[in-house]
Amino acid sequence: MNKKLEGKVAIVSGSGRGIGREIALKLAADGAALVINDLDDSVADSVMQEITGAGGRATVCCGDVTAADFAARFIDTALTSFGRLDIIVNNAGYTWDNVIQKMTDEQWDAIMAVHVTAPFRILRAASEYFRRAAREEAAQGVDVFRKVVNISSVSGVMGNAGQANYSAAKSAINGLTKALAKEWGRYKVNVNSVAFGLIKTRLTEATAGADSAGATINIAGNEIKVGVNQQLMQNLETMIPMGRAGTPAEAAGAVYLFCIPESNYISGQIVICGGGRP
Ligand SMILES: NC(=O)c1ccc[n+]([C@@H]2O[C@H](COP(=O)([O-])OP(=O)(O)OC[C@H]3O[C@@H](n4cnc5c(N)ncnc54)[C@H](O)[C@@H]3O)[C@@H](O)[C@H]2O)c1
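Under an unreviewed UniProt entry, the protein has the name 3-oxoacyl-ACP reductase and belongs to Herbaspirillum hiltneri N3. Quoted straight from UniProt, the Sequence similarities (unreviewed entry) entry for the protein says "Belongs to the short-chain dehydrogenases/reductases (SDR) family."

Once that is clear, we can look at helix H6 (residues 164-184). Taking 1.5 Å per residue as the helical rise, H6 with its 21 residues ought to reach 30 Å, and the 30 Å between its terminal C-alpha atoms agrees with that figure. Among the residues making up H6, those that are buried are Asn165, Tyr166, Ser167, Ala169, Lys170, Ile173, Asn174, Leu176, Thr177, Leu180, Ala181 and Trp184. In this fold, the buried residues of H6 make contact with helix H4 (105-140), strand E5 (146-153), helix H5 (154-158), strand E6 (189-196) and strand E11 (270-273).

Rolled over the atoms, a probe as big as a water molecule pinpoints where empty space is left. Estimated volume of the second largest pocket: approximately 200 Å³. Forming the walls of the second largest pocket are 13 residues, and the residues nearest its centre are Lys3, Ala28, Ala29, Gly55 and Gly56. Elements with a contribution of two residues or more to the lining of the second largest pocket: helix H1 (18-29) and helix H2 (41-53). No other element matches H1, which puts three residues into the lining of the second largest pocket. Class assignment of the residues belonging to the lining of the second largest pocket gives a composition of six nonpolar, three polar and four charged.

Every one of the 31 residues lining the ligand counts as a neighbour, but Arg17, Asp38, Asn91, Tyr166 and Thr201 are closest to it. Separating a nitrogen atom of the ligand from a backbone N or O atom of leucine 39 is a distance of 3.3 Å. In isolation the ligand has 820 Å² of accessible area, and contact with the protein removes 98% of it. Of all the secondary structure elements, the ones that give two or more residues to the shell around the ligand are H1, H4, E5 and H6. In terms of residue class, the shell around the ligand is made up of 13 nonpolar, 12 polar and six charged.

About the thresholds
Each chain carries its own residue numbering, running from 1 in the written order of its sequence. Reporting in this predicted model follows two pLDDT cut-offs: at least 70 for local features of residues, and 80 or more for side-chain atom pairs to be given and counted; totals over whole chains, interfaces and linings ignore these cut-offs and use all residues. Values reported for side chains reflect all heavy atoms of the structure, with hydrogen atoms and water molecules removed beforehand. UniProt positions are given in the numbering used here, feature names are shortened, and annotations may be inferred rather than shown by experiment. Counting from the N terminus, the helices are DSSP H or I runs at least four residues long and the strands are E runs at least two residues long. Expected span of a helix, by definition, is 1.5 Å for each gap between consecutive residues, and there is one gap fewer than residues. Here the term buried applies to any residue with accessible area under 20% of the maximum for its type, exposed to any over 50%, and partly exposed to those in between, with areas from a 1.4 Å probe on protein chains only. The contact rule is simple, with two residues in contact once any of their heavy atoms fall within 4.5 Å. Cavity means a closed set of points on a 1 Å grid over the protein atoms alone, one where a 1.4 Å probe fits but cannot get out, pocket means an open set with protein on both sides within 12 Å along at least 5 of 7 lines, and lining means a residue has an atom within 4 Å of a point. Grid points are joined across faces, edges and corners, and a volume is the space filled by probe spheres set on the points. Polar here means any residue outside two lists: the nonpolar Ala, Val, Leu, Ile, Met, Phe, Trp, Tyr, Cys and Pro, and the charged Asp, Glu, Lys and Arg; Gly therefore counts as polar. Nearness of a residue to a molecule or strand requires only that one of the residue's heavy atoms be within 4 Å of it. Pairing of N or O atoms within 3.5 Å defines a polar contact, subject to two protein rules: one partner must be a possible hydrogen donor and the other a possible acceptor, and residues neighboring in sequence count only if both atoms are side-chain atoms. Surface accessibility follows the Shrake-Rupley procedure with a 1.4 Å probe radius. Residue values consider only the protein chains on display as shielding.

Pasting the structure below:
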């Protein structure tokens, strides 16, 4: 069977675990070469090995997406390793929740940096290549579509108490999606967002209670607790028409739809992948 993404090159931020990992595996299984990124080298390496072990092509570009030099490094890795760039998935991120009266500037800035500024810089760094490639392909009379998928959240569409920073950031990424869809239509770049509801990953894994020692993520020396209280998790699941959280593979499926040729005439859209919610 023909693979839909044969010859394509994709970069996926935060693809060492969770949804990003599933996106990378899915794109690779359909023929794309992958640049894997994560804060944590070991998980990025193991995804890369999983892909190459299955006969695919992959390399890693580790590091924090919020670092000033990261965007250029990420794009360069795709171009130097594989000679082209077709798909960008801005997925890396985490939550750092609090009610607004307790939310610090540091919490606000960190969440805006990872969910908005980093994707902005990555897309800006790709723009020169995208424009040049589009001009050359137009001159040759070849029709090549490129894809950007920005990862948002129902918090960014509906708002969520305790997540003023995250809701604002995930809403801002949707604004960036819509603006770039307008700027890049002429270059045949489809720019869309997928807003996830509740997906079972480390970010939402049930912790035994608000004070339990769950998983943490280390950002600039801060150990930030991730995970959701077990009771809250059960309450959230009852609000989902399908009655359960989604799996990372189901989440990756929604992103995949925006990476294949069947979505070539869809741009500037925000699709909610949330089991019928909201
Ligand atoms: N899980 C959900 O229910 C849910 C819902 C809505 C949106 N999202 C979004 O989906 C995306 C993926 O989340 P997930 O649930 O798979 O979480 P996850 O914690 O399982 O995986 C996220 C990965 O991103 C990496 N990462 C985080 N910050 C990074 C940084 N600054 N630089 C590089 N890598 C970084 C982490 O190390 C981790 O491997 C995030 O943008 C998240 O906000 C998730």
